[in-house]
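The primary structure of each chain is shown beneath.
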Amino acid sequence: MSEVNEVKKIAVIAGDGIGPEVVAEAEKVLKRTEELFGHKFETEHALFGGIAIDERGTPLPDDTLAICKASDAVLLGAVGGPKWDNNSKELRPETGLLGIRKALGLFSNIRPAVIFDCLKEASTLKPEVLEGTDLIVVRELTGGIYFGEKFRRETENGQEAVDTCVYNVSEIERIARQAFEIALTRSKKLTSVDKANVLETSRLWRETVIRISADYPDVELDHVLVDNCAMQLLRRPSSFDVIVTENMFGDILSDEAAMLTGSIGMLSSASLGEGSFGLYEPVHGSAPDIAGQGISNPIATILSVALMFRLTFGYHEAAASIERAVKNVLDAGHRTGDIAVDKSSAIGTTAMGDLIVAAMSK
Ligand SMILES: NC(=O)c1ccc[n+]([C@@H]2O[C@H](COP(=O)([O-])OP(=O)(O)OC[C@H]3O[C@@H](n4cnc5c(N)ncnc54)[C@H](O)[C@@H]3O)[C@@H](O)[C@H]2O)c1
Ligand SMILES: CC(C)[C@H](C(=O)O)[C@@H](O)C(=O)O
Ligand SMILES: [Mg+2]
């Protein structure tokens, strides 16, 4: 357990689009935590993504990676946007994102879909369908089709593009173990999602998860094909607790799960490796359509700070304080546009951040 007065180093990467807006609110939460709980944070800002391409000619400058490696945790906003969409592969912000995950060994991406009762009205699902829903997507983050060989080639039928999906046993084992461990701390139910009726990587995935399950006899394991899972998430979301799945399926299913909470602006995430180090970021992207307007929802990023406190620092009281503050502010009826039923009463990013900071207590 961490000492209260130990200084924790946090690399802060605002990124592009709404990234800087939402990260600024999360930094206010860090400051308030210092005042309330006596924890000490040393933050260092680093360039990453599109802004790093513009200023340094690469999405992931060496010094940014060095700052992250010298830190206890990373707080990230979001990267990307239309300005860089036509860049070459090496000069896309997304390449930097995949690069930082790989370089930091962050193979496990935890994405909790937390349903706040008062936001059920903002969800596209009926409240009775959402009843009892509380799930976590555990997404494998450094393998699969994202990282397999990719190239283009000329054929007699014109250009052909190839993306390869590769998984080895140890990559599947380590994410499976993480997911079983998480399931043990919750309702001891794990759903492994794959496409084992078609994909060889999914067959290896399923075989491996079944083999690892022998070490976790208390966890009830089931297997759901990804297409069915996408449907069941909307039909009976409360039947899921922990979902473990490969990289791309996890990317897609977690955005879908976001809509159970009311908005992608509510979904936090933790990316972890073997140790306590973690990268914490909202699940959403840089939202170019609303960037610069001050209307983005900072809650996903603020809840990512709570995850950082719990999973990397062991600051459970401070994490609970953030989660309580978010709940109280929402219960009091405050909404950013994405979660507001009456859009005319929506408040902005800064106002939401300020309300949450003001609601934090010991
Ligand atoms: N981790 C990341 O940095 C990350 C994640 C996803 C997408 N991206 C990148 O972001 C860019 C935009 O991608 P996209 O439009 O497909 O996805 P997005 O998540 O940025 O936006 C999707 C929709 O959700 C809304 N939205 C997202 N976050 C919100 C918030 N906090 N508050 C209110 N509304 C919010 C947006 O306005 C948009 O309508 C792309 O370049 C993409 O590659 C980055
Ligand atoms: C931007 C993109 C590379 C990224 C991913 O697919 O992992 C994003 O969608 C996410 O969910 O963090
Ligand atoms: Mg995504």
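This text gives an overview of the structure that appears in the document. Just so it is clear, the structure is predicted and the values come from calculations on it, not from any experiment. (Residues numbered from 1 in each chain as written. Chains lettered and ligands numbered in written order. Predicted model: local features only at pLDDT ≥ 70, side-chain atom pairs only at ≥ 80, totals over all residues. Heavy atoms only, no water.)

Turning to the pattern of salt bridges, a few remarks are in order. Following the criterion strictly, the structure yields 23 salt bridges and no others. Across the pair Glu-6 and Lys-8 runs a salt bridge whose closest N-O atoms are separated by 3.0 Å. Notably, a salt bridge pairs Glu-131 with Lys-120, separated by 3.3 Å at the nearest N-O pair. Note that Glu-131 is positioned in the loop between helix H5 (127–130) and strand S5 (135–140) and Lys-120 in the loop between strand S4 (108–113) and H5, a separation of 11 residues in sequence. Each of the salt bridges in this network shares a partner with another, and the network as a whole consists of Glu-25, Lys-28 and Asp-354. (Salt bridge = Lys/Arg side-chain N within 4 Å of Asp/Glu carboxyl O. Helix = DSSP H or I, 4+ residues; strand = E, 2+ residues; numbered from the N terminus.)

With that settled, consider the packing of aromatic side chains. Per the counting criterion, the structure on display carries eight aromatic pairs. Arranged with centres 4.8 Å apart and planes meeting at 5 degrees, the rings of Phe-180 and Tyr-216 form a pair that is stacked. A residue pair is termed long-range when its members are at least 10 positions apart, and Phe-180 in helix H6 (residues 169–184) and Tyr-216 in the loop between helix H7 (200–213) and strand S9 (220–225) qualify at 36 residues. For the pair Phe-180 and Tyr-216, one class covers both residues: buried. Consider the rings of Phe-313 and Tyr-315, whose centres lie 5.5 Å apart with planes at 50 degrees: the pair is tilted. By the ring-pair criterion, three or more aromatic residues cluster together here, those being Phe-41, Phe-309, Phe-313 and Tyr-315. Taking NZ or CZ as reference, Lys-102 lies 4.7 Å from the ring centre of Phe-147, over its face. Stacked on the ring of Phe-240, the Lys or Arg Arg-236 has its end atom at 5.6 Å from the ring centre. (Phe/Tyr/Trp six-rings, centres within 6.5 Å; stacked < 30°, edge-to-face > 60°. Buried < 20%, exposed > 50% of the residue type's maximum accessible area, 1.4 Å probe, protein only. Lys NZ or Arg CZ within 6 Å of the ring centre and 35° of its normal.)

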